[in-house]
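Fold and contact review
Each chain, letter by letter, is given below.
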Amino acid sequence: MYCILVEAGGLHQMARIHPSWHRRFLLELGELLRRYGFALLRHDGDQLLFLQEEPPRVSSQEEATAVVGELLRGLQTFLVNCAENLLDYTVLLEADVKDRAGAAGAFPLFVQRLSSVRQENTLYLTEEAAEYFHALLEMTREGALFRVISLSRDDHDRPGPYDRVLRQGCSQPALDLIVETLSREGKHRGFWFHGPDRSAVATLVGTILERDGSGPAVLIQCSRAMTRRDFLRRVIQAIPDTPVPESERSEEDRVYTALREQLKEPCRGYLARNMVDCDLQGTAAFLVRRFFLSDSQRRVYLADCDLCEGAAREFLSWIPETTSLAPLVVSSAAPPPEGSQELWTVTDLSPQGDSPSPPPASLLTTASEARNRGEFSRALRYWVNCFGPGRSLGAIFHRGLKPQYRRVLFLVFLADGRGGLSFLDDLCRGAGLSPVEQSHALRELVQVGLLSSLNPPRVHEAVARTADTILESRGRKKLEQQVSNHLAERVMAESLPLTPELWELLRSGLSRKDQIPLLHLLLQRIAEGGGEDELEGLARDLPREMKTSLDSAELRLALRWTKGPGACPDLAERLSLGNDRAPSPWESDFILALAEYELARRDYVKALKLCKTALLLNLEGAEHGHGRVSAAPGGRSCRGNAHLLMARIALYQGQVREAAQYLSFARDEGEGDALVFCEARSLEGVHCFLLGNYTRADRIFGEVQPRLFEAGATHQLLLSWFARARIRFELGEYTEARAGFAFLERYSGERGIPPIQNVARAWKRRATFFLSDSSGEDPEEGDPRAEDLSREEVFFLAEALCRRGHFDRALPLLEDICAAEEGTDRWPRLGVAWENGFAPLEDLLVASSSGVSELGRLATACRAWALAKTGRMDEAVPLFFGLTRGGNGAAQDPQALLFTYLYSTVLPEKRSPDQDDRATVLGRAVKLCQERSSRIEGYQDRMRFTRDNLWTRELLEAARRYNLV
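Here the structure is a predicted model, which is why all the values come from computation and not from measurement.

**Some thoughts on the sheet that holds strand E12 (residues 344-348)**
One key point about sheets: their strands pair by backbone hydrogen bonds, in either a parallel or an antiparallel sense. Strands sit in the order E9-E10-E11-E8-E12 across an open sheet of five strands; the sheet is parallel. A strand with exactly one partner marks an edge of an open sheet, and here the two such strands are strand E9 (218-221) and E12. Within this sheet the neighbouring strands show an average axis-to-axis angle of 15°, counted without direction. Note: strand E10 (residues 300-303) against strand E11 (residues 328-332), two bridges, orientation parallel. Pairing of Tyr-301 across the sheet is with Val-329, part of E11. Its contacts with the sheet put helix H9 (residues 228-238) on E9 and E10, and the angle it makes with E9 is roughly 165°. Here helix H12 (residues 309-318) sits on the sheet and contacts E9, E10, E11 and E12; the angle it forms with E10, its principal contact strand, is near 165°.

This is the structure in structure tokens:
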């Protein structure tokens with residue numbers, strides 16, 4: 001067995017300075033070594049010791065050595081890519097380790113040996129290990145160890161590695177020109193290198209940048225086949241993380257750092273296209289701006305930028321005018337566009353004098369590709385010299401590459417950067433390729449330049465244009481079928497989430513019959529978090545037997561986001577079992593869609609009955625081996641979905657304890673199901689918020705946020721941000737609350753989600769009113785007119801006017817709000833309601849019937865307060881009775897203590913036989929306050945609630961005058 005000691009200088013400091021980067025470093029390093037059978041044995045400060053507990057299954061020692069050699073190359077590449085955040089690195093490889101105890105016991109000796117001969121950023125081998133690798137690596141002895149000079153020996157049968165040959169094929173004057181140009185002070189934008197042969201220009205510039213003393217360049221490689229989404233994703237993959245101390249990290253830093261991890265891989269959880277595109281653009285822009293404003297001296301190299309001209313222009317617009325970063329470097333086949341040349345230091349790298357003849361036009365298989373062959377003339381000549389002549393690029397690949405290498409090359413093309421190396425590993429397993437075959441193939445393909453990058457794996461631009469010639473038609477079809485069947489099995493086993501992007505990859509290799517179960521699952525998943533565009537895209541080419549699945553998805557989507565139950569009775573009727581529809585294998589899913597419909601109609605008894613029917617039907621199917629069919633892979637299982645729906649039904653009926661029980665069932669179902677788990681935990685957070693346990697609610701929302709990012713549950717994620725800002729508001733931390741609302745307003749505004757933007761803006765204004773409450777400023781000063789505000793914003797303005805004693809000005813506003821709310825029906829749903837800031841939280845308990853809402857009840861309370869203060873006590877008292885007396889929702893309403901306190905403020909100081917006693921009513925308010933504060937687990941939060949929340953503080957100050965506290 002082998003063991004590897006990695007010494008990463010500064011790693012222990014990064015655990016304190018940048019804990020998220022530190023965790024990600026350990027995860028990615030562990031994943032890389034796990035692919036080769038290594039497990040972490042010891043972690044001590046900057047040192048990590050790994051032991052190969054599961055050696056690869058190979059037929060000879062030579063193959064085992066080759067595999068470890070591949071690991072060393074990958075490990076060095078990984079550590080070089082982490083150079084921005086590490087001081088340096090050193091790696092030591094030991095061989096013939098007997099067991100874990102032997103490796104652990106030798107750890108101090110390894111560290112001592114490294115300290116005696118240590119050279120930064122180097123790989124070392126012990127004498128035992130060097131005996132195995134003398135034929136593969138160039139080494140020199142240093143004391144008791146061998147230092148690796150080169151991780152590969154030249155293969156004299158080949159012209160040499162792709163990069164080296166292309167570099168050698170260019171004139172020294174061209175290299176000197178690049179060096180001289182980069183040594184000068186560039187213009188505002190940076191340096192622009194161009195020439196007709198883009199493969200030569202890109203390699204030349206990249207080679208010189210590798211020699212630059214400021215560290216490896218950040219490479220953003222463009223491609224003609226790239227969409228805007230592909231380009232943005234590549235920017236996110238390439239731009240290194242910028243360390244920010246935890247104490248200095250803003251909410252924006254935390255959110256975009258989490259989004260970065262989510263967006264690196266196309267196959268992860270997003271469902272709604274507009275949210276993907278907006279998050280890609282916002283995250284890429286934030287990372288670029290932050291990196292260019294950092295103190296890093298690494299250059300950013302935008303290669304072949306003219307292939308993604310529109311997206312590249314967008315990228316350039318994000319770069320701040322004032323930047324401390326080394327200037328940007330761009331390569332292209334053409335000079336900068338007219339009108340922008342004065343912004344660049346432009347250098348023409350066109351060959352001088354006689355240039356070598358281009359390769360035959362037939363090497364690119366279509367006329368349009370042949371016209372562009374000059375872009376890759378050096379690359380094509382290299383492959384001809386490497387593999388021998390042929391009538392097309394595909395032909396020379398067939399001549400020079402082993403079959404398994406061509407299969408790996410085609411799989412890299414299929415993956416197109418999705419999911420990185422781990423996803424490619426999965427595809428290779430599905431294609432029947434062993435890890436050794438995959439490792440050897442990747443090494444060869446990188447060596448000869450057919451892969452332009454390995455992290456993530458991508459094919460060379462010229463290869464992408466002729467990808468259909470890599471394999472013969474029959475072999476290509478068979479490979480696509482193997483990959484599709486493998487991915488489909490993983491989807492059905494719920495170990496891989498099904499997204500529209502993944503569907504596009506796997507559908508081509510599946511028969512029509514095999515597509516149907518997956519289509520049903522995808523339709524249901526889109527109904528949970530996607531949009532109408534995605535559903536319409538799938539509906540265009542659906543088989544007739546999928547019509548009922550489409551109806552159920554359309555019904556669920558309409559109920560959750562766009563329409564009420566009155567707009568879709570036809571869909572519900574078609575779903576109902578009758579003479580014209582036979583039972584389906586997914587009947588339990590269809591019944592749950594009908595249960596959502598009955599919930600929206602507020603027929604809670606019928607909705608609960610349908611949920612129980614769906615549960616029983618699903619359990620019967622599971623007993624007969626069909627339970628998998630009714631589950632939504634990567635989304636809600638039928639049983640989890642049923643329990644979530646039952647929890648909502650219980651909440652809308654005020655059955656708080658029953659709701660908690662159903663949520664625990666849903667959480668258990670969600671252990672292997674990301675969306676069930678996320679929604680169950682989110683609803684648990686809402687449940688704690690409604691009860692007043694703000695400490696636990698905040699902790700739950702904080703814990704579930706990483707899972708929400710991974711699952712792509714966008715609206716639940718936005719709810720978690722909003723709820724945490726609401727918690728800060730309820731605890732009287734109005735400055736922190738305003739910052740949270742401001743971020744949510746900006747985020748939702750950039751993504752074109754007006755309802756959430758309006759809610760966040762309204763609550764930001766309310767927090768501002770409370771912060772300026774003591775100043776006595778007129779809340780209408782500098783504010784838009786009431787007719788330009790949302791209903792919620794008008795209420796917050798009226799509330800602020802009342803708090804400052806302007807009851808006569810507030811009363812008309814409050815009367816309009818009460819009338820409007822009484823005529824509004826917000827139907828119960830499983831989606832997140834964003835009509836106002838109370839709709840996704842308090843309304844789950846309060847809005848049990850049409851025309852009832854928390855906003856309406858609060859407006860009624862303030863209206864009654866204003867009526868009493870303007871001498872209309874006879875009108876005010878019945879309103880207060882309706883809000884504070886038992887049987888009117890007072891026991892369940894989270895705002896009940898505010899209603900009771902406001903009522904106490906309008907009662908006379910002295911007892912009156914015609915009115916309630918002020919002290920008695922105030923005592924009830926104090927009791928409600930004490931009950932609510934007693935549920936807050938954290939002592940500091942409990943103190944904030946009673947000391948910093950303005951309403952609570954005023955209540956307790958009044959209670960002290962009556963000796964009630």
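**What about the environment of Leu-33?**
With respect to the helices and strands, the residue Leu-33 is situated in helix H2 (residues 19-34). Judged by relative accessible area, Leu-33 falls into the buried class, the value being 0%. Once the C-alpha coordinates of Leu-33 and Leu-72 are considered, the two residues, 39 residues apart in sequence, prove to be 9.7 Å apart.

**Regarding helix H29 (residues 656-669)**
Compared with the 20 Å implied by 1.5 Å per residue over 14 residues, the 20 Å span of H29 between its first and last C-alpha is a close match. Taken as a whole, H29 has its buried residues at Val-656, Ala-659, Tyr-662, Leu-663 and Ala-666. Angular distribution of buried residues about the axis of H29 spans 120°; they occupy a single face of the element. With respect to the buried face of H29, the exposed residues turned more than 90 degrees away are Arg-657 and Asp-668.

**Looking at the pairing of strand E5 (residues 122-126)**
Summarising burial for E5: five of the five residues are buried, a large majority. Of the two faces of E5, the one holding Thr-122, Tyr-124 and Thr-126 and the one holding Leu-123 and Leu-125 are both buried throughout. Taken together, the four bridges between strand E4 (residues 89-94) and E5 define a ladder with parallel strand orientation. In the sheet register, Thr-90 faces E5, and the bridge partner there is Thr-122. Relative to strand E7 (residues 145-150), E5 is paired through three bridges, and the arrangement is antiparallel. Bridge pairing in E7 links Leu-125 to Phe-146.

**Thoughts on a negative patch on the surface**
A grouping of Glu-532, Asp-533, Glu-536 and Glu-554 is seen on the molecular surface, where their side chains present a negatively charged patch. The greatest single-element share of the negative patch, amounting to three residues, is contributed by helix H23 (residues 532-539). When you line up the elements, Glu-536 lands in helix H23. Glu-536 sits in the partly exposed class, given a relative accessible area of 45%.

**Some details on the packing of helix H30 (residues 674-691) against helix H31 (residues 694-711)**
At their nearest, the axes of H30 and H31 sit 8 Å apart, and the two run at 160° to each other. Taken together, H30 and H31 sit at an angle that is classed as roughly antiparallel. The handedness of the crossing between H30 and H31 is left-handed. In contact with Ala-674, Leu-675, Phe-677, Cys-678, Arg-681, Ser-682, Glu-684, Gly-685, Val-686, Cys-688 and Phe-689 of H30, H31 contributes Tyr-694, Arg-696, Ala-697, Ile-700, Phe-701, Glu-703, Val-704, Arg-707, Leu-708 and Ala-711.

**A look at the packing of aromatic side chains**
Across all of its chains, the model carries 35 aromatic pairs by this definition. Ring centres of Tyr-2 and Tyr-132 lie 6.3 Å apart, and the angle between their planes is 70°; this geometry places the pair in the edge-to-face category. Taken together, the positions of Tyr-2 in the segment before strand E1 (3-8) and Tyr-132 in helix H5 (residues 127-133) put the pair 130 residues apart, joining distant regions of the chain. Residue Tyr-2 is classed as buried on the basis of its relative accessible area of 7%. Note on Tyr-132: relative accessible area 28%, which makes it partly exposed. Pairing Phe-231 with Phe-315 gives two aromatic rings, centres 6.3 Å apart and planes at 85°, and the pair type is edge-to-face. Here the residue Phe-231 occupies a position in helix H9, and Phe-315 occupies one in helix H12, the gap between them amounting to 84 residues. The exposure class assigned to Phe-231 is buried, which follows from its relative accessible area of 0%. The class for Phe-315 is buried, based on a relative accessible area of 0%. An aromatic cluster of at least three residues, connected via ring pairs, comprises Phe-722, Phe-729, Tyr-734, Phe-741, Trp-763, Phe-770, Phe-795, Phe-796, Trp-834 and Phe-838. Looking at Arg-803, its charged tip hangs above the ring of Trp-951, at a distance of 4.4 Å from the centre.

**Things to note about the side chain of Asp-253**
Along the chain, the position of Asp-253 falls in helix H10 (residues 251-263). At 2.9 Å, the side chain of Asp-253 and the side chain of Arg-290 are in polar contact.

**Focus: the packing of H31 against helix H32 (residues 714-730)**
The interhelical angle for the contact between H31 and H32, taken along N-to-C directions, is 155°, at an axis separation of 9 Å. On the basis of their axis angle, the class for H31 and H32 is roughly antiparallel. Read as a crossing pair, H31 and H32 show a hand that is left-handed. Here H31 contributes Tyr-694, Ala-697, Asp-698, Phe-701, Gly-702, Gln-705, Leu-708 and Phe-709 to the contact with H32, which in turn contributes Gln-716, Leu-717, Ser-720, Trp-721, Ala-723, Arg-724, Ile-727, Arg-728 and Glu-730. Looking at the contact of H31 with H32, its residues break down into nine nonpolar, four polar and four charged.

Cut-offs and rules
- Residues numbered from 1 in each chain as written.
- Predicted model: local features only at pLDDT ≥ 70, side-chain atom pairs only at ≥ 80, totals over all residues.
- Heavy atoms only, no water.
- Pairing = 2+ DSSP bridges.
- Helix = DSSP H or I, 4+ residues; strand = E, 2+ residues; numbered from the N terminus.
- Axes fitted to C-alpha atoms, helices over the stretch in contact; angles between N-to-C directions.
- Contact = heavy atoms within 4.5 Å.
- Buried < 20%, exposed > 50% of the residue type's maximum accessible area, 1.4 Å probe, protein only.
- Expected span 1.5 Å × (residues − 1).
- Arc of directions from axis to C-beta.
- Patch = residues over 30% accessible without salt bridge, like charges linked within 9 Å, V, L, I, M, F, W, Y side chains within 5 Å.
- Areas by Shrake-Rupley, 256 points an atom, 1.4 Å probe, with all protein chains shown as cover.
- Salt bridge = Lys/Arg side-chain N within 4 Å of Asp/Glu carboxyl O.
- Lys, Arg positive; Asp, Glu negative; His and termini not counted.
- Charge placed at Lys NZ, Arg CZ, Asp CG, Glu CD.
- Parallel < 35°, antiparallel > 145°, perpendicular 65-115°, else oblique.
- Left-handed = near helix turned anticlockwise from the far one by under 90°.
- Phe/Tyr/Trp six-rings, centres within 6.5 Å; stacked < 30°, edge-to-face > 60°.
- Lys NZ or Arg CZ within 6 Å of the ring centre and 35° of its normal.
- Polar contact = N/O pair within 3.5 Å; in protein donor to acceptor, adjacent residues only side chain to side chain.
- Nonpolar A, V, L, I, M, F, W, Y, C, P; charged D, E, K, R; others polar.

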